[in-house]
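Results of the structural survey
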Amino acid sequence: MAAEVRAFLEVRRRLQSALLVVGEPKEGGLPLDVSVRWSSLQVRSPEGCTDVQLPAEVRLAPSTCGGLQYVPGDGLHLRLQACAEPCPKLISVFNQSPQAQEHYTFYCQSCGDVIIRDRRLLRVLPLPSANWASLVEEWCCHPDPFAQKSLHPGHGDCFVGDTFYLVNLRSQPCQDPKANTKVICKRCKVTLGETMSPETTKFYMTEIIIQPSERSFPVIPRSEFVQSIVGQRLGELASARSTFRFLIQGQDGRVFILLWLLNSDSLVIEALRSSRSVTKFPLLEETWRTDSTSARNAVKVLYQPCTKSRNEKLAREWESDISVHTVTLPSASCLELLLILSRSTATLPVSLRRMNSFQTEGEPQRPAVCSVGIRCKERTRAAE
């Protein structure tokens, strides 16, 4: 008879290590016997036996199992070495990287309305950091030639910022005249961006989808899209600018979240017998897959909410710290992101939900074909 089992496995690609959490069984489910194999897990309890097959790209080294610990409310924790091979299936389908000399259509992500139709991008260029003008003043030995000047795209240009695109539009078909400088979707009334000049419009990456014109609009759940875009951008910004602390603020400058990036090389595998009665353990993931043993790329972060006057002192300290990078999003998207983070925290194993005062959101060895058994006759002995 198959037992109802939940398991959570986080593999760190760079470190080639893994944390395995085998969920606590139902009352009376002990003793519990767990066998770890190079490509699967087997869990035996008085209720029955369950085999969990790992994805093909993930291999464990059973002989390296260590750090066994029983955590009340979570279950069994153990660490071991692991190998995660690159897999094309794990590449995010939400990656938006427009290329020059191609035709693209811009859509409102919320409702699919066309914002810019079949636009040929002659140049796609990255923008410098937000404080580039200050750096020019420090490095130039003569008056700043760029003083009081802004970088605006010409016809056919697309400038890529931290969380936005700048494009040249002579007309604003999607703009609500009552919305001042805001660019509003004429169908669903979502704020897509803002006008920077009579011809320059800023579109936020969390609000639009850019697709080659020959493709159709992809229907993507809102939370998945926000997670994918934010996770991708955090990883890219940390790599390019060697910063791991981010201040998430709205268009009006109001701080919503203090976020600390732990790593962006995690691979998360969840296995469960019954999704209706077992709580999942998601991180801030790039994609959500319905397969119960699928692997997902994940970005693991710590965060502090700053709504309702919380963490004001800490937010002021981060604002004055030059090592903290500010990320600006529409206020509604900041609240969406905070909700996603809080939901994800609530579904993590209890022991992984906090680190200090922050909340969590998520030599190589050849795998051996053998197994190690873990038997816990009673909880007190397992805890020891």
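Residues numbered from 1 in each chain as written. Predicted model: local features only at pLDDT ≥ 70, side-chain atom pairs only at ≥ 80, totals over all residues. Heavy atoms only, no water.

So, the sheet that holds strand S14 (residues 182–184)
What the 6 strands build is an open sheet, ordered S11-S12-S13-S16-S15-S14; its pairing is mixed. Edge positions in the open sheet fall to strand S11 (123–126) and S14, since each of these has one partner strand only. Within this sheet the neighbouring strands show an average axis-to-axis angle of 25 degrees, counted without direction. Where S14 and strand S15 (residues 191–195) come together, 3 bridges link them in antiparallel fashion. Along S15, the bridge assignment pairs Lys182 with Glu194. (Pairing = 2+ DSSP bridges. Helix = DSSP H or I, 4+ residues; strand = E, 2+ residues; numbered from the N terminus. Axes fitted to C-alpha atoms, helices over the stretch in contact; angles between N-to-C directions.)

Considering the environment of Tyr107
Of note, Tyr107 is situated in strand S9 (residues 102–108). Tyr107 sits 101 residues away from Ile208 along the chain, and the two C-alpha atoms are 5.4 Å apart. Each residue touching Tyr107, except ones within four places of it in the same chain, is listed here: Gly112, Asp113, Val114, Ile115, Glu207, Ile208, Ile209, Gln211, Arg215, Ser216 and Phe217. (Contact = heavy atoms within 4.5 Å.)

What to know about the layout of surface pockets
Looking at the second largest pocket, its volume works out to about 360 Å³. Taken together, 18 residues line the second largest pocket, and the ones lying closest to its centre are Val160, Gly161, Met205, Arg233 and Glu236. Breaking the lining of the second largest pocket down by element, the ones donating at least two residues are S11 and helix H2 (222–241). For the lining of the second largest pocket, the leading source of residues is H2, giving 7 residues. Broken down by class, the residue content of the lining of the second largest pocket amounts to 10 nonpolar, 4 polar and 4 charged. (1 Å grid on protein atoms, 1.4 Å probe; cavity = no way out; pocket = protein on both sides within 12 Å on 5 of 7 lines; lining within 4 Å. Points joined across faces, edges and corners; volume = space filled by probe spheres on them. Nonpolar A, V, L, I, M, F, W, Y, C, P; charged D, E, K, R; others polar.)

What to know about empty space enclosed by the protein
Its boundaries defined by the atoms lining it, the largest cavity holds a volume of some 70 Å³. Around the largest cavity sit Thr163, Met205, Thr206, Ile229, Val230, Arg233, Leu234, Leu237, Ile248, Val327 and Leu329, which together line it. Among the elements that line the lining of the largest cavity, the one with the most residues is H2, at 5 residues. Per-class residue counts for the lining of the largest cavity are 8 nonpolar, 2 polar and 1 charged.

Some thoughts on the state of the cysteines
Taken as a whole, this structure holds 0 disulfides when the rule is applied. Counting only cysteine sulfurs, Cys188 is the nearest neighbor of Cys108, a cysteine outside any disulfide, at a range of 3.6 Å. Not part of a disulfide, Cys111 finds its nearest cysteine sulfur in Cys185, a span of 3.5 Å. Taking relative accessible area as the criterion, Cys111 reaches 23% and is therefore assigned partly exposed. (Disulfide = S-S within 2.5 Å. Buried < 20%, exposed > 50% of the residue type's maximum accessible area, 1.4 Å probe, protein only.)

Describing the nonpolar core
Among the nonpolar cores identified, the biggest contains 24 residues, and Leu9, Val11, Leu20 and Leu60 are the most heavily contacted of them. Secondary-structure elements contributing two or more residues to this core are strand S1 (6–12), strand S2 (17–23), strand S3 (32–36), strand S4 (40–45), strand S6 (58–60), strand S8 (75–84) and strand S19 (255–272). Sort the elements by how many residues they give to this core and S8 lands first, with 5 residues. (Core = buried A, V, L, I, M, F, W, Y, C linked by side-chain atoms within 4.5 Å.)

Thoughts on the packing of H2 against helix H4 (residues 331–347)
Taken N-terminus to C-terminus, the directions of H2 and H4 make an angle of 95 degrees; their axes are 10 Å apart at the nearest point. Considering their axes alone, H2 and H4 lie roughly perpendicular with respect to each other. Contacts between H2 and H4 involve Arg222, Ser223, Val226, Gln227 and Val230 on the former and, on the latter, Ser333, Glu336, Leu337 and Ile340. Looking at the contact of H2 with H4 residue by residue, the class counts come to 4 nonpolar, 3 polar and 2 charged. (Parallel < 35°, antiparallel > 145°, perpendicular 65-115°, else oblique.)

Thoughts on the pattern of salt bridges
Think of it this way: side chains of opposite charge can pair up when their charged atoms draw near. What the rule picks out here adds up to 12 salt bridges. A salt bridge links Lys300 to Glu10, with the shortest nitrogen-to-oxygen separation between them at 3.1 Å. Of the two residues, Lys300 is situated in strand S21 (residues 295–305) and Glu10 in strand S1; the sequence distance between them amounts to 290 residues. On the accessibility criterion, Glu10 (6% relative accessible area) is buried. A salt bridge links Arg14 to Asp265, with the nearest nitrogen and oxygen atoms 3.8 Å apart. One end of the pair, Arg14, is in the loop between S1 and S2; the other, Asp265, is in strand S19, with 251 residues separating them in the sequence. Judged by relative accessible area, which is 63%, Arg14 ranks as exposed. Beyond isolated ion pairs, a larger network of salt bridges with shared partners links Arg12, Arg14 and Asp265. (Salt bridge = Lys/Arg side-chain N within 4 Å of Asp/Glu carboxyl O.)

With respect to the packing of aromatic side chains
Evaluation of the coordinates by the stated rule reveals 3 aromatic pairs. For the pair Phe106 and Phe203, a centre-to-centre distance of 6.3 Å together with 55 degrees between the ring planes defines the contact as tilted. You can see Phe106 sitting in strand S9 and its partner Phe203 sitting in strand S16 (residues 200–204), a full 97 residues away along the chain. When the centroid spacing of 5.3 Å and the interplanar angle of 50 degrees are considered together, the rings of Tyr107 and Phe217 count as tilted. Of the two residues, Tyr107 is situated in strand S9 and Phe217 in the loop between strand S17 (208–212) and H2; the sequence distance between them amounts to 110 residues. (Phe/Tyr/Trp six-rings, centres within 6.5 Å; stacked < 30°, edge-to-face > 60°.)

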